[in-house]
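Analysis of the macromolecular model
Single-letter residue listing:
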Amino acid sequence: MAVLGFGLMTEVGQAAEEETGPAQDMELEEVVVTGSHIRGVGVSVGSKVNIIDRADIDRSGFATTQQVIQSLPQNFGGGPNEDTLSTGNVTGGSGINLRGLGTEATLVLVNGRRVPVAGLGGDFFDVSMVPATAIERIEVLPDGASAIYGSDAVAGVVNIILREDYEGAETRVRFGTVTDGGLQEYQLGQTFGKNWNTGNVLFSYEYYKRERLKQAERSFAADSDLTSLGGDNFSDNFSNPGNIMDPATGFTTVAFAIPSGQDGTSLAPGDLLPGVVNLRNIHQGKDILPDQERHSFFISARQDMSETITLFAEGKYSERDFDQVTGARISPLVVPSINPFFVDAFGGFPFVIVNYDLSQDIGFSSLQGDTKNYNGVFGAEAELGDDWQLEAYGSYSRENGISRTNGFNPTALSAALADPDPLTAFNPFGDGSHTNPATINAIRSIETFKTMSELWSVNMVADGSIFKLPGGDVKLAVGLNYRKETFGKELHFATLDSEIRFDRKVVSTFGELYIPLFGEDNQRLGFHRLALSAAGRFESYSGVSNENTTNPKFGIIWSPVEGLNIRGSYGTSFRAPNLPDLDESNNAIFLIPVTDPASPTGSTFSLLQFGGNGELRNETATTWSVGVDFTPEALPELNVGLTYYNIEFRDRILAPENALGVLAEEDINAGIIIRNPTSAQIDAFCSADVFKGDPASCGFLPIGAIIDGRMNNTARTQVDGLDFTLDYGFETENAGRFDFRVNGNYLLNFREAFNETTPFADLAGTIHNPVDFRMRSSLSWSGDEGLSATVFVNYTDSYRDDDSEPNRKIDSWTTIDATLTYSLDDRLGSMGLNGMIFSLSAQNLFDTDPPFVNNALESLGYDPANTDPLGRFISFNITKKW
């Protein structure tokens, strides 16, 4: 990749050099850079685009697209990822989370086009479905861009650009393994490309398989008892043998432990163990990372039909299978006295409750399934005269996911517990499983999750020069876009069958203006270059979400002298509600007592509403940034960049984490509470179809509050910080070439508030949230004989764990990656080895464990959002160009 003039980006590939000779004799092709619709500008005016090219990907030693992007300091590891299934990510996918604002606030494009969402919440694009061997480059714009692209581009845009123009064939084979544990990785990539005078075609295939990483293979994740590491014991009392709960405390504490070493068939009350608690290792049997296997195909073609019209088409299909052990199924078992194995622990009480682990009866739960992603694009480019060009295309894409997990049927289990026949009753009083296998089979169930996301899109954009100023051509881009988004999900459990399907239509008009006031032809002292940009986009939504929105963005780049660029941007962005958040089909209203410090009794009968909200509005944001890039004339290969960014994110969609504790924090939750509701308000809730209870109870119970526990536009987030980069390279006379790079992010503030009236909480540098300082640096060396090496230093700053105790320190974490590459080129052509490249890579070379965290939320000894449990990983890669 070369950068010429004011940032005009060109691709100088193998095919181009073979057909046209030296690069300086080529005709440069104007391209569009992420963050702009205008060709030839070469930059997103006012914003900085980070580019990860093919060589960067190869040097990194990473095998997957998610690994490449998630290594950026601007990305936060929290949210849907393959090691976090708790966020509705039931297919083991991986999202991108720029600035830590959520995967739904980062817009992911493939070849500049939208792609369907994934997950039960429809809140992320699964980048694991994009084959890394097919990628030409990744462009990351960490700045708001709704004026260019519409919804979701709040924290930024990630544009994955696939290979298109290639001559010949390329084969890639890779094997990798951890040095501690059983995880191994296999990858095969094959690319074929053909160019001719009027067009080209490319086909790419990738096979990828990675075996599971078990939690037992990592000391910081193997056991929920962290006392040996300096933490707490997060093991619970749902065990085998189980625990009999105490009715005197509302069954919240253990009265007796069931003894080990017996089968439960002749257990007497005197055999029970008072004052003892059987504990369960929550992580027993679990996987950290799932077993994954993927096949991906990509094809693209271009053909000039005349001197002014070019047709293009693309097609992609990926299928990924996954299998992850998610742990034990547990349940409080209500055992009536008619159960033949019943132990009368409390002298005549009609039942006992046993907190019980069913894993020895039905096995550990395993989440298995597959996800399929496919899309097609067909379009045309037309030269309209002068330098105007029209591009129009239609696209269709779809992602289907299905996952199944083994569980139990609670109705069948209750029946087996109430069965008086010792041959068929369920026995929860033994150590291990001592129930008839036929009964076990009768209570087994399969839980199924299905998701479908579909996207139709038609897009037209025209761009060109409208008039000339002394500083250069004023350029304009205008366009139209229509898209239809559909999302559906199905849940099939033993006691629940649910199916929803939503769609909405979006019509957009957009425009962008580029105004060069000073340039090469009229530069003067203090104004080597000065350019402005203005963009705007209007979007109209119809269907389940009806809202119109207009978002502008303005940019400026000023070069007072050559080599010094000062830039700035300002704009507004938005995010439309996820389609599942608008679903009210499974809403429910309950009448229950809620903890209330203001009540003399300590609680207040309240009507609580849960579920989706069809009246959700767009989330909105104001984003601005200022930055400087400096390349001194004396050191033309040195570039230093610094950017300050600021994001004010409002009307964020959120539900209260603990609806039963809302009244205890009324100052925070006032916006979702109605105190002393009127009779009309109570009647409206109690007569609703979603009310779960006897409406007559609303007439005699003293209802003191109505609480809206649904999704609502309440929250606010403020984020600001600094991005910094440094690139320096130099040639030596005898020792080869050296290149040094630094990419870092310093987070000044990350503040959140539940609503407009509550104060902000500063979350920067706290557990489960973005740390305040991350950096990835590299030093590369390349010699004259095809040998090169790169060393990466990854640094995550120390932060604090306020969940365990105030200001408990979490240590910083530094890991080293390294890649050694040997390229044979033409030196061994007589042996048929020309064009072969051998690479040996290591991630976390010194096998440095993540810093200890007393992680109560996940009962782990590390923080998955900010560290990686993989450990040392060694890989060997062979590339052959034909």
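Residues numbered from 1 in each chain as written. Predicted model: local features only at pLDDT ≥ 70, side-chain atom pairs only at ≥ 80, totals over all residues. Heavy atoms only, no water.

Attention now goes to a negative patch on the surface. On the surface, E520, D521, E562 and E633 cluster together into a negatively charged patch. Structurally, E633 is set in the loop between β30 (619-630) and β31 (638-654). The class of E633 is exposed, set by a relative accessible area of 75%. (Patch = residues over 30% accessible without salt bridge, like charges linked within 9 Å, V, L, I, M, F, W, Y side chains within 5 Å. Areas by Shrake-Rupley, 256 points an atom, 1.4 Å probe, with all protein chains shown as cover. Salt bridge = Lys/Arg side-chain N within 4 Å of Asp/Glu carboxyl O. Lys, Arg positive; Asp, Glu negative; His and termini not counted. Charge placed at Lys NZ, Arg CZ, Asp CG, Glu CD. Helix = DSSP H or I, 4+ residues; strand = E, 2+ residues; numbered from the N terminus. Buried < 20%, exposed > 50% of the residue type's maximum accessible area, 1.4 Å probe, protein only.)

So, on to the nonpolar core. The biggest cluster of nonpolar side chains holds 36 residues, and the ones touching the most others in it are L101, I138, V158, I160 and L162. Elements with a contribution of two residues or more to this core: α3 (65-70), β4 (106-110), β6 (135-141), β7 (156-162), β31 and β35 (737-753). Ignoring sequence-local partners within four residues, the contact set of I138 consists of N50, I51, I52, V68, I69, V158 and N159. Core analysis: the next-biggest nonpolar cluster, separate from the first, contains 26 residues, F256, V354, Y356 and F429 among them. (Core = buried A, V, L, I, M, F, W, Y, C linked by side-chain atoms within 4.5 Å. Contact = heavy atoms within 4.5 Å.)

Using the criterion set out here, one finds one disulfide in the structure. Here C686 pairs with C698 through a disulfide, and the sulfurs are 1.9 Å apart. With the S-S dihedral at roughly -95°, the linkage between C686 and C698 falls on the left-handed side. With a gap of 12 residues between them, C686 in helix α9 (residues 679-686) and C698 in helix α10 (residues 697-700) connect regions that are remote in the sequence. As far as the burial class goes, C686 and C698 line up, both buried. (Disulfide = S-S within 2.5 Å.)

This next bit is on the sheet that holds β6. Note on sheets: strands pair through backbone hydrogen bonds, and any given pair is parallel or antiparallel. Spatially, five strands are ordered β3-β6-β7-β4-β5 in an open sheet, and the strand pairing comes out mixed. Every interior strand has two partners, whereas the edge strands, β3 (50-53) and β5 (113-114), have only one. In terms of strand pairing, β6 meets β7 through six bridges, oriented antiparallel. Looking at β7, one finds that E139 is bridged to N159. (Pairing = 2+ DSSP bridges.)

Moving on, we get to the sheet that holds strand β29 (residues 603-610). Taken in spatial order, the four strands line up as β28-β29-β33-β32 in an open sheet, and their pairing is mixed. On the outer flanks of this sheet lie β28 (588-595) and β32 (673-675), each paired with one strand and no other. Each neighbouring strand pair of the sheet contributes to a mean axis angle of 25°, computed without reference to strand direction. Here β28 pairs with β29 via eight bridges, running antiparallel. Across the sheet, F590 pairs through a bridge with L608, a residue of β29. Lying on the sheet, α9 is in contact with β28, β29, β32 and β33 (703-708); it crosses β29 at an angle near 50°. (Axes fitted to C-alpha atoms, helices over the stretch in contact; angles between N-to-C directions.)

Here the focus is α9. Of all the positions in α9, only I682, F685 and C686 are classed as buried. For α9, the angular spread of buried residues about the axis comes to 95°, placing them on one side. (Arc of directions from axis to C-beta.)

Among all positions of helix α6 (residues 410-417), only L413, A416 and L417 are buried. One side of α6 holds all its buried residues, which, seen down the axis, span an arc of 100°. Residues of α6 that are buried in the fold lie against β18 (330-336), β21 (388-408) and α7 (437-443). Two or three places before T411, at the start of α6, stands the capping residue N409, its side-chain oxygen 2.9 Å from that residue's backbone nitrogen. (Polar contact = N/O pair within 3.5 Å; in protein donor to acceptor, adjacent residues only side chain to side chain.)

Cis geometry is adopted by the peptide bond preceding P241, which originates at N240 and carries an omega value of 0°. Turning to its location among the elements, P241 is positioned in the loop between β11 (213-214) and β12 (243-245). Unusually for a residue other than glycine, N111 sits at a positive phi of about 55°. Among the structural elements, N111 can be located in the loop between β4 and β5. Not every positive phi belongs to a glycine, and D847 is a case in point at roughly 55°.

These figures capture arrangement, not role.
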